[in-house]
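Structural overview for review
This is what each chain is made of:
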Amino acid sequence: MEKLSSFNKRLNESNICNDKVVEPITDTSDFSKERIDILHPFVEGKGKNEDSIVLKYTMGRLIFLITGDLDQENEIKVIEKYPDLRCDILKVGHHGSKTSTADQFVKILKPQYAIISVGLNNRYGHPNIETLRTLNANGIPYLMTSDKGMIKVVNVSKDKFFMSTKYGKILIRK
């Protein structure tokens, strides 16, 4: 993306100094000290949905998978490259759009919970009913920011976590 003239034009028009721009990140970047694994993109992209960054974040023994706007085709490529990939909490891709959250992807990951970041009454009608059916068919309970507001995960002890919203807490055991 950093090679695109449109990106550089926006960057130059912003208040961001070019020397503060981060180098491109791919699945070969090393962030192991921060306990964040970058699983995708595999190669430099053009800033499209299929180039979305996929992060595996480990908090204690709890594993999150954050998929950006990655499409189903590339979700499958991720699990093909990382066949042992599992997560406890899946941040559902592309605001619950039908272009993300493939059934095979969810079956392999086996998340305990899914979080859908989506605006209330958004113009796209997200989340899509197909995505919700996929989660339901796989027995994955989900929380949506449109219903719950901000969703925060809190580490209470080695094996005990809470997902906290303005309406209460959900205990997660690991």
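Now for a quick tour of the structure. Note that this is a predicted model, so its numbers are computed, not measured. Chains are numbered independently. Their residues run from 1 in the order of the written sequence. Local features in a predicted model are, by the rule used here, given only for residues with pLDDT of at least 70; side-chain atom pairs are given and counted only at 80 or more, and totals for whole chains, interfaces and linings are based on all residues. Excluding hydrogens and water, the side-chain values take into account all heavy atoms of the structure.

1. A look at unusual backbone geometry
Note the threshold: In this text, helices come from DSSP runs of H or I with a minimum length of four residues, and strands from runs of E with a minimum of two, each type numbered from the N-terminal end.
Look at the link from His 40 to Pro 41: it is a cis peptide, with omega at 10°. Here the amide bond leading from His 126 into Pro 127 is cis, since omega sits at 0°, within 30 degrees of zero. Here Pro 127 lies in the loop between β5 (113–116) and α4 (129–137). Of note in this structure, Lys 110 is not a glycine but carries a positive phi near 55°.

2. Comments concerning the sheet that holds strand β1 (residues 36–40)
Counted only if it meets this: We call two strands paired when DSSP finds no fewer than two bridges between them. All axes are obtained by fitting lines to C-alpha atoms, using only the stretch in contact for helices, and the reported angles, taken between N-to-C directions, cover 0 to 180 degrees.
Ordered by their spatial adjacency, 6 strands build an open sheet running β1-β2-β3-β4-β5-β6, and the pairing between neighbours is mixed. A single partner strand is all that each edge strand has here, and the edge strands are β1 and β6 (142–144). Put simply, the sheet's adjacent strands are angled 20° from each other on average, direction ignored. Strand direction decides the pairing type here: strand β3 (residues 62–66) and strand β4 (residues 89–91), joined by 3 bridges, are parallel. Note on β4: the bridge partner recorded for Phe 64 is Ile 89.

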